[in-house]
Amino acid sequence: MTDTTQAQASKFSLSPPYRTPKGVHDILPQDHEYHTYIKKVVRHRLRQAGFKRISTPIFEYTDVFARSIGDATDIVEKEMYTFLDKKGRSLTLRPENTAGVVRSYIQHSMQQLAQPVELYYIEPFFRYDRPQRGRYRQFWQFGFEIIGELDPALDAQIIFLANKINEDLGIEKLFKIQLNTIGSLEDRKNYIRALKDYYYGKERSLCEHCKDRLEKNPLRLLDCKNEDCTILAELAPKMTDYLSKESTEYYRDVKEYLAELEIEYVENPKLVRGLDYYTNTVFEFWDAKDGAQNAIGGGGRYDGLVEIMGGQATPAVGYAAGIERIIAHMKREKIRVPSKDNIHVFVAQLGKEAKKKCLKLIDEMRETGLKTIGALGKGSMKKQLKLADKFNVPYTLILGITEVREGTIIIRDMEKGSQEIVKFDQVIDELINKIGEENLDKYSPGEIIY
Ligand code: AMP
């Protein structure tokens, strides 16, 4: 470490025991049950719809995000974890994934594949946000993108799939879909000009943020939460008055397809989304009670992005949702997910011979799908049985010197407190009978092909 980095490090250094940095958290086993379940739902639904999974690197060149998301957005201005590597290159921990996926689409010439290319991801992201409920500095998102085709039916399809996943997770009723169009790039230019004209001369009534936004990102004036800004936004020109004929028809078709799919939504002319790359359709899933504060996901069409990133002009549409927020909603609704971490059998033993036999037995039990832990340390039988109680197992096997000599083993029913002696060779069959074939956790990742 150089003197300066050491000095900087020591400014924030803490003494053991350490805690996580502000805004980040451990995912403990009880939360992983939710993560696993959500991943399963997402993978299943998207695989069914022909999407393939993609992972881009956790960090990219800063320009990938600055160029795509927009220099004047909150993310790029304030929220990126940006650092120089040892050669002085500017890198950034990804704050979102559309930019990375588009970079990858171009880099790997995916326009040569059958179009549209349908990709999904489940990954952690990083934003230097002010930590609060539902807002972290490292958080997980799943998302999906359809790149390479322009049709309002695809926008409707993305919204439908996002809603389907919410249904599978039991939370769809908690959210209202907010829908808007921000028109083509050309429409937007005209609209922004009209917005600026409207706001010029009214700067004194705007909050400090909005004064700044007026030049840099005027669309964001519409979704400011400040009271005076909200009043001004109400009277501001409406995007719908600046839409071209094509954009108006496009939006009408999106709504028609949503109606066909029986998806309910609310039209929200003030919804603009924070990022520069959107065109036409934008949507968010707002908490029916908290509104935008606790949105779980959002997305839209981004027809200009591939070109901005250096590829051929290619239309695209996508969605991303926050996994921590979904879990918080599921927990608030007392929605439980299946736990697969329960243990079926605890194996207790005494003496070296017994331990040897147990090592083999435990492996054979696991092969059949019996979730088994063994007390292979040196504790007394009493201690081991206490441990079995703590693990909350339904059955404990007990193998002592006598049982080894007689070729038997004891099965203890932990709930009833009763015990039976069975032949050692038959113990696995006996246990499967008790646990039930359908409850076994069989190892089945699919066969590898040589
Ligand atoms: P965005 O692309 O910013 O609209 O993010 C999509 C979704 O990701 C949001 O609706 C949230 O559910 C989630 N999300 C965004 N930022 C954070 C954060 N800092 N902490 C937790 N979740 C977040």
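The coordinates are above.
Attention here is on the structure that accompanies the text.

Cut-offs applied
Residues numbered from 1 in each chain as written. Predicted model: local features only at pLDDT ≥ 70, side-chain atom pairs only at ≥ 80, totals over all residues. Heavy atoms only, no water. Phe/Tyr/Trp six-rings, centres within 6.5 Å; stacked < 30°, edge-to-face > 60°. Helix = DSSP H or I, 4+ residues; strand = E, 2+ residues; numbered from the N terminus. Buried < 20%, exposed > 50% of the residue type's maximum accessible area, 1.4 Å probe, protein only. Lys NZ or Arg CZ within 6 Å of the ring centre and 35° of its normal. Pairing = 2+ DSSP bridges.

## A closer look at the packing of aromatic side chains
If you walk through the whole model with that rule in mind, you get 15 aromatic pairs. Look at phenylalanine 144 and tyrosine 319: their rings are 5.5 Å apart centre to centre, the planes differ by 55°, and that puts the pair in the tilted class. In this pair, phenylalanine 144 sits in strand E6 (residues 138-147) while tyrosine 319 sits in strand E11 (residues 316-322), placing the two residues 175 residues apart along the sequence. Tyrosine 319 carries the same exposure label as phenylalanine 144, and that label is buried. Ring centres 5.8 Å apart and planes at 15° place the aromatic pair phenylalanine 283 and tyrosine 319 in the stacked group. Linking phenylalanine 283 in strand E9 (residues 279-287) with tyrosine 319 in strand E11, this pair joins segments that are 36 residues apart in sequence. The exposure class of phenylalanine 283 is buried, given its relative accessible area of 1%. Judged by relative accessible area, which is 2%, tyrosine 319 ranks as buried. Positioned over the ring face of tyrosine 198 is lysine 202, at 4.1 Å from the centre of the ring.

## As for the pairing of strand E14 (residues 395-399)
Along any regular strand, the residues point their side chains to alternate faces of the sheet. Burial runs high along E14: five of the five residues are buried. Taking every second residue as pointing to the same face, both faces of E14 are buried, with Tyr395, Leu397 and Leu399 on one and Thr396 and Ile398 on the other. Where E14 and strand E15 (residues 408-413) come together, four bridges link them in antiparallel fashion. Across the sheet, residue isoleucine 398 finds its bridge partner in E15, namely isoleucine 410.

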